[in-house]
Every structure is written in C-alpha cells, then in structure tokens.
Amino acid sequence: MVVSTFGARIVELWVPDKAGVLGNVVLGLPSPEHYGDRANLYLGCTVGRVAGRIPQAHFAGGGLSFSLEPNEGPNQLHGGGTRSFDRLEWELITFESDESVVAEFHYVSPAGEEEYPGELTVVSRYELFAQGVLTCTLTAETTSACPVNLTTHSYWNLSGNAGSTIHDHELTADVAWHVETGEGQLPTGELTPTPHQLSLATPGWDDTFVLAEKDHTTTAAATLSHPPSGRKLELFTTEPALQVYTAGYLPEEAFDDVHVLTAFGGVCLEPQRINDNALLPQFPSIVVEPGETYTHVTTHVFSCL
C-alpha cells in the first residue's frame, strides 16, 4: 500500500491475482502536484466534511440551516472546492505489527472552514492485514453541531492492468433502493427498486443505493470481481448506503506504466449516509452533536475466485 498525506489518500494497492502475480488495483497519480491539478477527480482520497451533493449549497436539517460555497454549479460537492478534506495536508502516523500495517491520518478542521460550523477533529485510518484485508476507519468529533458524512474514494480496477476499463468486471450489491436523481444529479425524492446485479457497462453509474440490510459488518454489502484475473473484492460496512461511480468522466492521461487514467478505468464504491434533504425525510439526520463520535468502518476483503 502506498499512501499520501495530501488528501489522506491511497495511491497504490498491490494485490495478487489467481496466479500469485501482484497488480495495482487502484487508480492513482505520481505526485501531490498531480493530485492538486486534478482535485475534482477525488482519486483515492478521504472525502468530507460531507460526501455527496448539497442542493443549492445550502444545508438544512438536524436543527441547522446555513449556506456553503458552491463548487459544482449552484451546489456543493464533497465538502467544497477550496479546503475540502481531499485538498489538504494531513498529519500521518504509522504503526506496524506482525499482522498489519497502519496509516493513520489526522486533521483538525477549524470552525468556519468551507463555511461549516464547529471545529471538527477527524481521523482517517487505513489498516492493511497480511491476509488481504484493508479496513478503513473514519472518526470525527465536533465542538458544535455540524453535518458529517465521510467516505473514501478509491477507484477500483481489479485487473491490475493500467489503462484498462472495468467493463469486464462484475458487481453485485445487497441494495434495495436506488435514489432517483434529476437535474444536477440531485435527488427527486423517489426511491425505486433495483436489482442486485449492477451492470458496469457504458453509460455506467454515478448513483446512490440504499442497502437492503441494516448490518453489513458480517455480510458483504457489495462484491466486485474480475473473472480474467480471478481477483475478488468483498466490501463490508457500517454505513446504510453505497454510492457507485463508474468513472465515466475520467480524462485520458498516462503518466507512467502504473499511473494511467481512462474513462471507465475504475469503479468507486463509496459507503456513506443519506444527506439531509426535505425530499427524503425518512432518513436520519447526518448532524453530529458535541459529545458524540461519528464512526464509519468499511472493510475490504481481497481473495481469488
């Protein structure tokens, strides 16, 4: 695993195929400068304070109502466009044992950063076990009530072949509902039933799905596989929803033999919560109060078919 303090992100992750050959299964770039120039791609980063879109850059919910800076038309996406978590330097602490290595990133977001209330203390922890397990743990505490919805944003390509697409991958997910969207990819308020097998062919996805079960810490919320290489990824999470993005908007850029971008070159599986929205009143607020600890745990289990 290769990580970067810029955006608390995973840059490379090498996983064996069915023949034991290691391949890098995430999309990344060679340097922090490359990431800074292409920040809107969110490659491998920690996303926050709020993942997803906030309509009209105005948050309303959990007793709060305040405006934010827009960075996607009139809306705010993934915490803003200037000092969102993917655009900042984090403090890195590393640990190592016989069983695992840990990259633990720390950041204190001051009150008012990107117009959000409260000082937010955040930890983004990646732990990689020798058995082929990667656990991502996100925690946050605040000094005053504020919305928090963190996630990680790795683009997975299990082929290990730089520049290939994910059209030969298979994705199943324990989803019950698709959050229907309209203009600007904002929720319409409608939830539609959806099949468990999600096609990864063009035109692909950039959509939120509500998981069928409340507990996916012991049963997989999603399974991604690549039959030609035999690699399989099972995703377990504490979160109630899953954003699936098949990277249709990635540019065509090759930096070296490992770092190559191409449209549909990866799939993002982003566990998260449903942001407060008056059109979706059935979901709990994402507002965290002082004295509470926001906790999000997602585990990735790699194996072979």
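Cut-offs used in this document
Residues numbered from 1 in each chain as written. Predicted model: local features only at pLDDT ≥ 70, side-chain atom pairs only at ≥ 80, totals over all residues. Heavy atoms only, no water. 1 Å grid on protein atoms, 1.4 Å probe; cavity = no way out; pocket = protein on both sides within 12 Å on 5 of 7 lines; lining within 4 Å. Points joined across faces, edges and corners; volume = space filled by probe spheres on them. Nonpolar A, V, L, I, M, F, W, Y, C, P; charged D, E, K, R; others polar. Phe/Tyr/Trp six-rings, centres within 6.5 Å; stacked < 30°, edge-to-face > 60°. Buried < 20%, exposed > 50% of the residue type's maximum accessible area, 1.4 Å probe, protein only. Helix = DSSP H or I, 4+ residues; strand = E, 2+ residues; numbered from the N terminus.

Attention shifts here to empty space enclosed by the protein. Counted according to the given criterion, the structure contains 1 cavity of 30 Å³ or more. Space inside the largest cavity adds up to approximately 50 Å³. Split into classes, the residues belonging to the lining of the largest cavity amount to 5 nonpolar, 3 polar and no charged.

Throughout the structure, instances matching the rule amount to 10 aromatic pairs. Between F59 and F66, the ring centres sit 5.6 Å apart and the planes meet at 35°, which makes this aromatic pair tilted. As far as burial versus exposure is concerned, F59 and F66 are alike and both buried. Considering the side-chain rings of F85 and Y107, the 5.8 Å spacing of their centres and the 70° angle between planes classify their relative orientation as edge-to-face. Of this pair, F85 sits in the loop between β9 (76-77) and β10 (91-96) while Y107 sits in strand β11 (residues 100-109), and the two are 22 residues apart along the sequence. In this pair, the class of F85 matches that of Y107, namely buried. Among the aromatic side chains, those forming a connected cluster through ring pairs are F59, F66 and Y116.

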